[in-house]
Amino acid sequence: METNQNTEVLCLEGLKKSFGDLLVLDNIDLRVTKGETIVILGASGSGKSTMLRCVNFMEVPSGGRIILHGEQVGKENQNGSRTYDEKSLSDLRSRVGMVFQHFNLFPHMTVKQNVMEGPRTVLKCDQAECERRAKLYLDKVGLGWKADAWPSELSGGQQQRVAIARALAMEPDIMLFDEATSALDPELVGEVLETMKQLAEEGMTMLIVTHELGFAYTVADRVLFLSKGKILEQGAPEAVLINPKEEATKNFLRGHG
Ligand code: ADP
Ligand code: MG
């Protein structure tokens, strides 16, 4: 049982990322407290995906620090730069769950096998523990009854909920969602948002990139507006979504109202 409700799960300090000459993340500072749900908004190209991808090192940051549960990722070199060995990256990735726009379930595995795969291969859990997790997390997303189905037999919304269960089965410290509902038919969006809302209410720590503003308003503890690789504005949902200060935020909201 966690006693300290203010535990910092993730801290980004001066995070930078460039692709060649293009500076995509420009000094991002962010502290994420245990149980916090943060929604990240921003125009296309503002750096939202890159920010999430840096958090689990699918992209290696060009500068700054990423601290997960008080521990900085990677090893410091004598000249102050950092190297990221595969062991520390794979440790990190097993503690950071990620759900993408395109749920890539393994098509040749049943739903249950999909959920068991990470615990089995990465965490080396025994069969009983893998089964326990599969049941627990498929039930959590309301798909225990589909355990033996093939991904192709599920709707897009169900597949995305399995992808969430698969990420949860690693029992991560934080969950990242990158436009998890953007590729879904409109009638399937609600069930996935509902699952995410339930996770937020259960105290999961989450960073969510979405254009679903109604969802952001009801579920976020904090909303960030990213513009040109910087956090231009942040605050409670009412502040950022109803009374934004910045012109760029107002423009974005007009376009997505
Ligand atoms: P968003 O998710 O907010 O739409 P991204 O983080 O995907 O934005 O992209 C931010 C910027 O970085 C864009 O200009 C994009 O073209 C560029 N970018 C992203 N990934 C790469 C990459 N692997 N190589 C070069 N440029 C990239
Ligand atoms: Mg993106």
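Quick notes on the rules
Residues numbered from 1 in each chain as written. Chains lettered and ligands numbered in written order. Predicted model: local features only at pLDDT ≥ 70, side-chain atom pairs only at ≥ 80, totals over all residues. Heavy atoms only, no water. UniProt positions renumbered as here; feature names shortened; annotations may be inferred. Helix = DSSP H or I, 4+ residues; strand = E, 2+ residues; numbered from the N terminus. Rg over C-alpha atoms; globule rule 2.2 N^0.38 Å. Contact = heavy atoms within 4.5 Å. Areas by Shrake-Rupley, 256 points an atom, 1.4 Å probe, with all protein chains shown as cover. Lys, Arg positive; Asp, Glu negative; His and termini not counted. Charge placed at Lys NZ, Arg CZ, Asp CG, Glu CD. Axes fitted to C-alpha atoms, helices over the stretch in contact; angles between N-to-C directions. Parallel < 35°, antiparallel > 145°, perpendicular 65-115°, else oblique. Left-handed = near helix turned anticlockwise from the far one by under 90°. Nonpolar A, V, L, I, M, F, W, Y, C, P; charged D, E, K, R; others polar.

As annotated in an unreviewed UniProt entry, the protein chain carries the name ABC transporter domain-containing protein and is attributed to Ahrensia marina. Per UniProt, the comment on the protein chain under Subcellular location (unreviewed entry) is "Cell membrane". Recorded in UniProt under Sequence similarities (unreviewed entry), the annotation for the protein chain is "Belongs to the ABC transporter superfamily."

With that settled, consider the overall build of the protein chain. Across its full length, the protein chain carries nine helices and twelve strands. For the protein chain, whose C-alpha radius of gyration is 18 Å, the value lies close to the compact-globule estimate of 18 Å for 257 residues. Dimensions of the protein chain, computed from C-alpha atoms along their principal axes, come out at roughly 50 × 50 × 40 Å. In the protein chain, once contacts between residues fewer than 6 apart in sequence are set aside, the share between residues at least 24 apart is 67%. Only carbon and sulfur atoms are counted for the fraction: they give 49% of the accessible area of the protein chain, which is about 12300 Å². If you average the places of the 29 positive and of the 36 negative side-chain charges in the protein chain, the two averages end up 3 Å apart.

Running from N to C, helix α4 (residues 127-140) and helix α5 (residues 156-168) cross one another at 135 degrees; their axes reach a closest spacing of 9 Å. In this view, α4 runs oblique relative to α5, as classed from their interaxial angle. Between α4 and α5 the crossing geometry is right-handed. Here Y137, L138 and K140 of α4 lie close against α5, whose contacting residues are V162, A165 and L168. Of the residues contributing to the contact of α4 with α5, the split by class is five nonpolar, no polar and one charged.

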